[in-house]
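Structure at a glance
For reference, the chains in residue letters:
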Amino acid sequence: MASSTVICDTEPWKNLRAHVEDIKKTHLRDLMTDTKRCQSMTVEFDGLLLDYSRQCATLETMDKLFKLAEAANLKQKIGRMYNGEHINSTENRSVLHIALRAPRDSVIQSDGKNVVPDVWKVLDKIREFSETFRNGSWVGATGKALTDVISVGIGGSFLGPLFVHTALQTGLTLKPADPEASKFAKGRQLRFLANVDPVDVARNITGLNPETTLVVVVSKTFTTAETMLNARTLREWISSALGPSAVAKHMVAVSTNLKLVEEFGIDPNNAFAFWDWVGGRYSVCSAVGVLPLSLQYGFSVVEKFLKGASSIDQHFYSAPFEKNIPGTDQCTQGTSSEMMNRSIVCLFFFFELAICPDLPSGSIEYQVSLPCFELHVLLGLLSVWNVSFLGHPARAILPYSQALEKFAPHIQQVSMESNGKGVSIDGVPLPFEAGEIDFGEPGTNGQHSFYQLVHQGRVIPCDFIGVVKSQQPVYLKGEVVNNHDELMSNFFAQPDALAYGKTPEQLQNENVPQHLVPHKTFSGNRPSLSLLLPSLNAYDIGQLLAIYEHRIGVQGFVWGINSFDQWGVELGKSLASQVRKQLNAARTKGKPVEGFNHSTTSLLKRYLEASSDVPSDPCTLLPQI
């Protein structure tokens, strides 16, 4: 029988609920004048700098949030995950995506077995296969080396690997003279086919030659409807050009169902395994992502990505929530430092110091002691605070880096599929709101899209993600700043604009016409946080991924939900199978639409009537682009 205990029945939750009234009486304009508070809300770990001083929270708030974490048994839940216990109770599975990037000598148990050797067995197989592929030893049916890859998968088999690929593809040519960098991806293409829409197929194969293309089919069971239809389409594309026997040389699989892999025409020796304890949205560090990324960039690059994620995993498990390590990180005075709060000065100095490590000591003004909290625990608790207490259900993920354009869509899936739940892990309906609506766009594009609402409409907490060193620096003689500094000027300015806003009095002092004052007033007091990365190489990308994965896990652990199942995606798929049968019956046998409600019946009839030219027994037709 399900337990009736939920986190909102605990004293720390009730204390935070009462504390909301105190926070409503404050404004970030005032909170940002508290130097001690701002210093305490700036955290550095392994080159990453987090500033959460622009959250609508005080030091008392943070203390109460840590007490909530204790009441939720957060540390114990993290330990259970790392110990391989079946914390995904509805599917009776361990949750061990951390094992996918663990060092070779690690011991991580699931069902009494150390899974790390199995992980490295697959990684070694990927290393060997990718090297054979990249050096030209693996050739296609006509003897030509393969240079292009299409990875076929959907959901976590698509969004995570696409995010990493997009983040890497512009950064690896930064030093073309580097002998390692020069061979990464030159002359190669990696594409991802996810949508069952035939337009996606057309776009993926356009410009590619079947003779030089390898297809990676990603499906754990080899039964995912959209993925397998796309895989059959590409199999036809290959076999119609090169013959059926070519499939074994031009298609490989990431799957555990070797029987279906072989029946499909793929050599089972060219299947790469992953495990039930890996959820799809957490699988980018498995063969799901590592194989296609290694084929494009080489295993050595992808291994750095895994090491970056592993560094965060180890910190997540080992560091206490409130481990204070006094540091001597320093903040420099800029030309307008008197007008800047200490928080932005410290961020700006970190930015300057990373670019100019030989900055003269005379420019140093502030000495700041930074507490070393767990970044992901802080981020997770702040999200719980914003969603469940302050009533802000959405979060904007705003990377000031075009290379991170696919980061928000990936985190959107990880977060909303993990924490979009209405019952506790024990099956008790939640009497509070859980889960976040995640969206985002790279700066400065987003500023010209939805920032109007963020500044003067609904309150939406924002994650600003900046990068100190550009992957592709541009310098133009005579410009006030270089292109990356122009981008970062906005990264530094936007959080303060949200926090401080602009008052009617300020506008009147600027002689703004009275009828425009209400339209130009900014209320401010809109929460955000800033995360500054030193660069955007494979290691940094791995760290960023793991921070957000663990942040989402922390939220779920505190809310008391199961962040590792996804029953919500099943109902629509089940109903789609009924529609599929109806479409087939209508197309091939002329059977009428029946068994659906009036609305769906009307839509289906309109669709079938308007597409009556579709043949009932069609010959194979591939995209004509």
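Above this text is the structure in question.
Report on the accompanying structure.

About the criteria used
Residues numbered from 1 in each chain as written. Predicted model: local features only at pLDDT ≥ 70, side-chain atom pairs only at ≥ 80, totals over all residues. Heavy atoms only, no water. Helix = DSSP H or I, 4+ residues; strand = E, 2+ residues; numbered from the N terminus. Buried < 20%, exposed > 50% of the residue type's maximum accessible area, 1.4 Å probe, protein only. Contact = heavy atoms within 4.5 Å. Areas by Shrake-Rupley, 256 points an atom, 1.4 Å probe, with all protein chains shown as cover. Axes fitted to C-alpha atoms, helices over the stretch in contact; angles between N-to-C directions. Parallel < 35°, antiparallel > 145°, perpendicular 65-115°, else oblique. Nonpolar A, V, L, I, M, F, W, Y, C, P; charged D, E, K, R; others polar. Arc of directions from axis to C-beta. Expected span 1.5 Å × (residues − 1). Salt bridge = Lys/Arg side-chain N within 4 Å of Asp/Glu carboxyl O. Phe/Tyr/Trp six-rings, centres within 6.5 Å; stacked < 30°, edge-to-face > 60°. Lys NZ or Arg CZ within 6 Å of the ring centre and 35° of its normal. Polar contact = N/O pair within 3.5 Å; in protein donor to acceptor, adjacent residues only side chain to side chain. Pairing = 2+ DSSP bridges.

To continue, consider the overall build of the protein chain. Check the secondary structure of the protein chain and you find 23 helices and 15 strands. By residue count, 52% of the 625 residues in the protein chain fall in the buried class. Long-range pairs, those at least 24 residues apart, make up 77% of the contacts in the protein chain with a sequence separation of at least 6. Within the structure as shown, the protein chain displays about 27,800 Å² of accessible surface, and the carbon and sulfur contribution to it stands at 53%.

Another point: the packing of helix H6 (residues 116–134) against helix H13 (residues 299–318). In the contact formed by H6 and H13, the axes pass within 10 Å of each other and the chain directions differ by 150°. Looking at the two axes, H6 sits roughly antiparallel to H13. On the side of H6, the interface is formed by Trp120, Leu123, Ile126, Arg127 and Ser130, while H13 contributes Phe299, Glu303 and Leu306. Of the residues belonging to the contact of H6 with H13, the class tally is 5 nonpolar, 1 polar and 2 charged.

A separate point is helix H5 (residues 74–82). Listing the buried residues of H5 in full gives Leu74, Ile78, Gly79, Met81 and Tyr82. Angularly, the buried residues of H5 cover 160° about the axis, an arc narrow enough to put them on a single face. Of the surrounding secondary structure, the elements contacted by the buried residues of H5 are helix H4 (59–71), H13, helix H15 (375–389) and helix H21 (538–559). Positive backbone phi, at 80°, marks Gly84, one or two positions downstream of H5.

With that settled, the discussion passes to H13. For H13, spanning 20 residues, the distance from its first C-alpha to its last is 28 Å, which sits close to the expected 28 Å at 1.5 Å a residue. A large share of H13 lies buried, amounting to 14 of its 20 residues.

For the rest of this paragraph, the subject is the pattern of salt bridges. This structure, assessed with the given rule, holds 22 salt bridges. With a closest N to O distance of 2.8 Å, Asp118 and Lys113 form a salt bridge. Take Asp118: its relative accessible area is 25%, and that puts it in the partly exposed class. Arg281 is paired through a salt bridge with Glu417; the nearest N and O atoms lie 2.9 Å apart. With Arg281 in the loop between strand E9 (271–272) and helix H12 (287–297) and Glu417 in helix H16 (residues 407–419), the pair connects residues that are 136 residues apart, well separated along the chain. Here Glu417 falls in the partly exposed class, since its relative accessible area comes to 21%.

Glancing now at the packing of aromatic side chains. According to the stated counting rule, one finds 18 aromatic pairs in the structure shown. Note on Trp13 and Phe432: the rings are 4.7 Å apart at their centroids and 45° apart in plane angle, and the pair reads as tilted. Here Trp13, found in helix H1 (residues 11–24), pairs with Phe432, found in the loop between H16 and strand E13 (437–440); they are 419 residues apart in sequence, far enough to count as distant. Comparing Trp13 with Phe432 shows no difference in burial state: the two are buried. Taking 5.0 Å as the distance between ring centres and 0° as the angle between the ring planes, the aromatic pair formed by Trp275 and Trp277 counts as stacked. Pair check on accessibility: Trp275 and Trp277 agree, each one buried. Here a set of aromatic residues connected by ring pairs shows up, and it is made of Trp13, Trp385, Phe389 and Phe432. For the cation-ring pair, Lys125 lies above Phe272, with the distance from its terminal atom to the ring centre recorded as 4.9 Å. Its guanidinium or amino end placed over the ring of Phe264, Arg235 lies 4.2 Å from that ring's centre, counting from NZ or CZ.

Right, let's talk about unusual backbone geometry for a bit. Following Gly443, the chain continues to Thr444 via a peptide bond in cis, the omega torsion being 5°. Positionally, Thr444 belongs in the loop between E13 and helix H17 (451–456). Here the phi dihedral of Asp46 falls at roughly 50°; this positive angle occurs in a residue that is not glycine. Structurally, Asp46 can be placed in the loop between strand E1 (42–45) and strand E2 (48–51). Exposure remark for Asp46: the relative accessible area of 39% places this residue in the partly exposed category. Look at Asn525: it is not a glycine, yet its phi comes out positive at around 60°.

Mapped onto the elements of the fold, Asp34 is located in the loop between helix H2 (28–31) and helix H3 (35–40). Among the polar contacts listed, one links the side chain of Asp34 to the backbone nitrogen of Arg37, at a separation of 3.1 Å.

Spatially, E6-E5-E7-E8-E9 is the arrangement adopted by the 5 strands of the open sheet, whose pairing is parallel. Two strands close off the open sheet at either side, each with one partner strand: strand E6 (189–193) and E9. Relative to E9, strand E8 (residues 251–254) runs parallel, the two sharing 2 bridges. Paired with Val254 across the two strands is Phe272, which belongs to E9. With respect to the sheet, helix H8 (residues 198–205) is in contact with strand E5 (148–152) and E6, its orientation differing from that of E6 by roughly 175°.

Once that is clear, we can look at the pairing of E5. Here E5 lies mainly inside the structure; 5 of its 5 residues are buried. A two-sided burial pattern is seen for E5, the buried positions comprising Asp148, Ile150 and Val152 on one face and Val149 and Ser151 on the other. Pairing of E5 with strand E7 (residues 213–218), which is carried by 5 bridges, proceeds in the parallel orientation. Paired with Val149 across the strands is Leu214, a residue of E7.

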